[in-house]
Amino acid sequence: MAAAPAPKTLAAFEAATGFMPLNEGLALYAAAAEAAALGLPLLEVGTYCGRSTILLADVAREAGTTAVTVDHHRGSEEQQPGWEYHNPELVDPEVGRMDTLPAFRRTLFHAGLEEHVVALVGRSPQVARIWNTPLGLVFIDGGHTDEHAGGDYEGWAPHVADGGLLVIHDVFPDPADGGQAPYRVYLRALASGAFTEVSVTDSLRVLRRTGPGS
């Protein structure tokens, strides 16, 4: 598979609502393209409006596998009213709460990728408890508290197949650059002996399963 998305996919990614910068998106795409060779699903935790889902779905389409994305679609802690990343346009006026699911569905529709994605609406730990399929790639990009990031790691890292990839977003070694929970998850993965670092692109870390455990 090509290690970079086609211009149409790249345009859809850049048009979608979200926070992932282009260079990190390209690194995610390359990791997913490599992991897809295992013939297993590619899963992300933290859908938001589907910006990164576009990349995983495009890889899944080309590889003949499936992209899975897990989110409760009520927004993470920093996306709530009064916080830095809150977007009032994503609030459901009837219930007064964040609801990114409609925006996500529009993103996939406009990218022509709906049929290549399975969207699981629910909280990550609950979904992980009933998941039994090995995964070629797990992309952790959900909540940024220790509770949520740690729960995502504990729930999903065990499902990464031998040789598969664990990708962690928003890893900031310097507290001045961002929250530390994803960084602590990254350190935990390395300390486990189950994962070996493959690449670093700004805040995106790619690790490969090279041993048992998590």
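The following paragraphs examine the structure supplied in this document. (Residues numbered from 1 in each chain as written. Predicted model: local features only at pLDDT ≥ 70, side-chain atom pairs only at ≥ 80, totals over all residues. Heavy atoms only, no water.)

**Here we look at the environment of Leu120**
Keep this limit in mind: Secondary structure elements are taken from DSSP: a helix is a run of H or I of four residues or more, a strand is a run of E of two residues or more, and numbering for both begins at the N terminus. Using a 1.4 Å probe on the protein chains alone, a residue whose accessible area is under 20% of its type maximum counts as buried, one over 50% counts as exposed, and one in between counts as partly exposed. Only heavy atoms matter for contacts: two residues are in contact if any of them lie within 4.5 Å across the pair.
Here Leu120 lies in strand β5 (residues 117–121). Classification of Leu120 as partly exposed rests on a relative accessible area of 24%. On a C-alpha basis, the gap between Leu120 and Ala36 in space is 20 Å, while along the polypeptide they are 84 residues apart. Contacts of Leu120, omitting those with residues within four sequence positions, involve Val68, Thr69, Val70, Asp71, Val127 and Trp131.

**As for the pattern of salt bridges**
Spelled out, the test is: By definition here, a salt bridge exists when the distance from a side-chain nitrogen of Lys or Arg to a carboxyl oxygen of Asp or Glu is within 4 Å.
On inspection of all chains with the given rule, the structure shows four salt bridges. In this structure, Glu34 engages Arg208 in a salt bridge whose closest nitrogen and oxygen atoms are separated by 2.6 Å. Within this pair, whereas Glu34 is found in helix α2 (residues 22–35), its partner Arg208 is found in strand β9 (residues 204–209), the two being separated by 174 residues in sequence. Here Asp58 and Arg61 are joined by a salt bridge, their closest N and O atoms 2.5 Å apart. Of this pair, Asp58 and Arg61 both sit in helix α3 (residues 51–63), three residues apart, which is roughly one turn of that helix. Taking the relative accessible area as the measure of exposure, Arg61 reaches 33% and is therefore partly exposed.

**Thoughts on the packing of aromatic side chains**
Definition in use: Two aromatic rings, drawn from Phe, Tyr or Trp (for Trp, its six-membered ring), form a pair once their centres lie within 6.5 Å of each other, and the interplanar angle then sorts them: stacked below 30 degrees, edge-to-face above 60, tilted otherwise. In this scheme, the term charge over a ring applies when either NZ of a lysine or CZ of an arginine sits within 6 Å of the ring centre and within 35 degrees of the ring normal.
Counting across every chain of the model gives three aromatic pairs. Over the ring of Tyr186 we find Arg205, and its NZ or CZ is 5.4 Å from the ring centre.

**Digging into the nonpolar core**
What counts is decided by this rule: Put simply, a nonpolar core is a bunch of buried Ala, Val, Leu, Ile, Met, Phe, Trp, Tyr and Cys residues held in one set by side-chain atoms that sit within 4.5 Å of each other.
The biggest cluster of nonpolar side chains holds 30 residues, and the ones touching the most others in it are Leu28, Leu137, Phe139, Val167 and Leu204. Looking at this core, the elements that each hand over two or more residues are α1 (7–15), α2, α3, α4 (101–111), β6 (135–140), β7 (160–168) and β9. Excluding its chain neighbours within four sequence positions, the residues that come into contact with Leu28 are Met20, Ser52, Leu55, Leu56, Phe139, Val167 and Leu204. Grouped together as the second largest cluster of nonpolar side chains are 26 residues, Val70, Leu135, Tyr186 and Phe195 included.

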